[in-house]
Every structure is written in C-alpha cells, then in structure tokens.
Amino acid sequence: MARPFHLNTPLLESVSMTKCVGTPVFLKMENSQPSGSFKIRGIGHLCQQLATQSKGVVCSSGGNAGMAAAYVARKMRVPATIVVPSSTPQLVVQRLQDQGATVKITGKVWDDANTEALRLAETEGLTYVPPFDHPLLWQGHSSLISEVAASLEVKPGAVLLSVGGGGLLCGVVQGLKDVGWTDVPVIAMETVGADCFNAAVKAGRLVTLDDITSEAKCLGAKTVCRKAFEYSQSSQLTIISELVTDQQALSAVETFLDEERVLVEMACGAALAAVYSGLVHRLQDEGRLPALLGPLLVIVCGGSSVDMEQLNHLKHKLHT
Ligand code: PLV
C-alpha cells in the first residue's frame, strides 16, 4: 500500500480547557497536517485509490478540501483544479495557487461550486474529488481515531467536532466503530446559518438550507451527506447536534490563539466554542452527557482560511 500523505498528529492535553470543562481535555491537532486540516486524511486516501492514472483532479471546496486536493495532486504530479465559491477569501485562493492548483471561482456558496466541479469532471474527463461525501474519505478520516486509540490510555468520555457536509463526522464514527468505542457520544457542532446537520436532525429528514448566512464558510454545505444523517438516527450511537453563533465561534478562535498559541479558522472555532461557551457543562446539567465525564477529545480540525488580517476583518464584521 502506498504511504499516506497525512501525518500522525500530536494529541495534546490542554490545561486551560481542562480547567474550563473540569475533565481532562485532549486536542487532536489536525491543524498541523501538511494541508492545514484533517481533510488530507480522506482526500489523500481517495486520490491514492482513484487518481493514480488520472489526467487531473477537480475538487469543489470551501477551501480546506481544496488545499488537501492541491497538496496531494502536487505530490502525485497530477494537475489540480479547485472550484471555490466567491465567499472564499483571497488568501485561500493565493494559498491554493501556491500549491500549484488552478483556481476557479464559481457561484455564491459551495453547492454552486460543486455543480461546476461535477460539470468539469464530466466534460474534461477529470477525476472528481468530493470534499465530504464519499466512503473513501470517511475511511481516510477514520485513521484519526485509531491514532488516538493507540496513544490515549483510556476511552474518551466524548468526542467534540465540527460538521460542514458531515465527512468528518462519518469518518470519526467509522473510527469509533473500528476501535470498539461506539458508546462514546459525539458532540457535533455547527454555526447558526451553516446548520444543515442540525436542521436535518430536527426535521427527521435531510434538509436543504436556503442560504449560508454564517461566516464559517467552510461549514457551508446546504445539505449534509446522507450517511451523517443516518448515523444521527441510529440507536447504536449518541450524536448530539448543537449550534453556536458566529460570535461564539470567532471568540473561541481568539481564546484558542491566546491560550494554545494556535490560529484556526471559524469552522474549527465552532467546536472549540462548545468548551469556552460552557455548552459542555450545559449538556452535563441537562443529563445529555454524564456528570462524571471521561476525557474530552477535541478534534482541532484546523483550516487555512485565516490569517491576522482575516481575523481582524471578521472581528470588525461580527462586532466581537
Ligand atoms: N470544509 C469543506 C466543506 O466546505 C471544504 O471544502 O473544505 N473544519 C474545517 C476546517 C473544514 O474545512 C471543514 C469542511 C469542516 C471542519 C467540516 O468537515 P465536513 O464537511 O467533513 O463536515 C463546504
């Protein structure tokens, strides 16, 4: 089997988050992947399976799936076209180009960019790389949990992560199944306005949002993948779907920068906000998480759509 493109990332204990939650908090530092997020796990795996003979790959993305596809394609010496929506910050377009990718800006949200990517795959004979909805992606992402299981001595009390289109959630659930941890609850976070999973859970069916109004653009898929919804309905699993505001997600990004000295984007801030805003505590008070909780595993999904200028721009826009 070919060597994977992703790294075995550090698992760090966070003293400040532990203080906040009252139970040990471990951070799986996916921000330190070569492409800046966990996406490289699934996309690396998918490309190794589907793109070795490819004349080129095309990936639709809010940014980070594109970064992973561009990195992997460069290593595989395959041309990459990344289709992003107009909401994508210029800094991401630049970073994609620096990876050697051709960038195409199409439509307002990821769903529009995806229609164009599918069209290009069809008309130009390119290999389509989906950002979240494919079993090979989930299999690739699942390595994240087997790494944790190999280094954490005890079973986590809960896993905390962000949901965009649901690929990370599906990969984590698959990983939990692989290591026999299916009884570990998963807290699935989104921002208000990029909440397709929460909408589906509430409605009991897949829901397509009218628009993406959150600034956490990398969570901005209008419809969650079917597998993630199916997992939410499974009686074998506990998946808790919760929302934070953009302000809470951004403020979590700032606190994380101050306390852990790591800059992540708002998509990741959505998960971190569950700790800093007291949501984990609230879930315990409501009896949805045990009062005596085992270690909390936080997936620091990372993200490249952020620098100091973008952070200041978001602060100004959201008045935090
Ligand atoms: N971002 C996707 C989908 O965007 C993308 O194209 O990059 N954290 C970060 C930093 C992300 O970039 C994403 C997804 C997620 C979390 C959520 O992962 P998902 O989509 O697998 O649930 C529209």
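What counts and what doesn't
Residues numbered from 1 in each chain as written. Predicted model: local features only at pLDDT ≥ 70, side-chain atom pairs only at ≥ 80, totals over all residues. Heavy atoms only, no water. UniProt positions renumbered as here; feature names shortened; annotations may be inferred. Helix = DSSP H or I, 4+ residues; strand = E, 2+ residues; numbered from the N terminus. Rg over C-alpha atoms; globule rule 2.2 N^0.38 Å. Buried < 20%, exposed > 50% of the residue type's maximum accessible area, 1.4 Å probe, protein only. Contact = heavy atoms within 4.5 Å. Areas by Shrake-Rupley, 256 points an atom, 1.4 Å probe, with all protein chains shown as cover. Salt bridge = Lys/Arg side-chain N within 4 Å of Asp/Glu carboxyl O. Pairing = 2+ DSSP bridges. Axes fitted to C-alpha atoms, helices over the stretch in contact; angles between N-to-C directions. 1 Å grid on protein atoms, 1.4 Å probe; cavity = no way out; pocket = protein on both sides within 12 Å on 5 of 7 lines; lining within 4 Å. Points joined across faces, edges and corners; volume = space filled by probe spheres on them.

As recorded in an unreviewed UniProt entry, the protein chain goes by the name L-serine ammonia-lyase, listed as coming from Eleginops maclovinus. Per UniProt, the protein chain has the following entry under Catalytic activity (unreviewed entry): "L-serine = pyruvate + NH4(+)".

## Focus on the overall build of the protein chain
In terms of helices and strands, the protein chain carries 14 helices and 10 strands. Against the globule reference of 20 Å for 320 residues, the protein chain gives a C-alpha radius of gyration of 18 Å, in line with a compact fold. Counting only C-alpha atoms and orienting by the principal axes, one finds that the protein chain spans roughly 55 × 45 × 40 Å. By residue count, 60% of the 320 residues in the protein chain fall in the buried class. At a minimum sequence separation of 6, the contacts of the protein chain that also span at least 24 residues come to 72%. About 13000 Å² of surface is accessible on the protein chain, with carbon and sulfur atoms providing 49% of the total.

## Some details on the UniProt feature "domain: Tryptophan synthase beta chain-like PALP" (unreviewed entry) in the protein chain
Taking the numbering used here, the UniProt-annotated feature "domain: Tryptophan synthase beta chain-like PALP" (unreviewed entry) corresponds to residues 5-291. Across residues 5-291 one finds 47% helix and 14% strand; the C-alpha atoms that close the span lie 39 Å apart.

## What about the pattern of salt bridges?
In total, this model carries 13 salt bridges according to the counting rule given. Between K317 and E215 there is a salt bridge whose closest N-O contact spans 3.2 Å. With K317 in helix α14 (residues 308-318) and E215 in the loop between α9 (196-203) and α10 (226-233), this pair connects stretches of sequence that are 102 residues apart. Judged by its relative accessible area of 45%, K317 is partly exposed. Using a relative accessible area of 19% as the deciding quantity, one classes E215 as buried.

## Describing unusual backbone geometry
Notably, R77 is not glycine yet its phi reads approximately 55°, a positive angle. In this structure, R261 is a non-glycine residue whose phi angle is positive, near 60°. Relative to the assigned elements, R261 resides in the loop between α11 (246-260) and α12 (266-276). R261 gets classed as exposed once you look at its relative accessible area, which sits at 64%.

## Some remarks on the sheet that holds strand β5 (residues 102-105)
Here 4 strands make up an open sheet; going across it, the order is β5-β4-β3-β6 and the pairing parallel. Only two strands of the sheet have a single neighbouring strand rather than two, namely β5 and β6 (127-129). Between one strand and the next, the sheet's axes are offset by a mean angle of 25°, whatever the strand orientation. Bridge count for strand β4 (residues 80-84) against β5 is 4 bridges, and the pairing is parallel. The partner of V83 across the bridge, within β5, is K104. Contacting β4 and β5, helix α4 (residues 90-98) runs over the sheet at an angle of about 150° to β5. With respect to the sheet, helix α5 (residues 110-124) is in contact with β3 (57-60), β4, β5 and β6, its orientation differing from that of β3 by roughly 165°.

## A few points about empty space enclosed by the protein
Applying the stated criterion to the full structure yields 2 cavities of 30 Å³ or more. The space that makes up the largest cavity amounts to roughly 310 Å³. Forming the boundary of the largest cavity are 30 residues, of which F38, K39, G164, C218 and L219 lie nearest the centre. Within the residue set of the lining of the largest cavity, elements represented by two or more residues are α3 (64-76), α8 (167-179) and α12.

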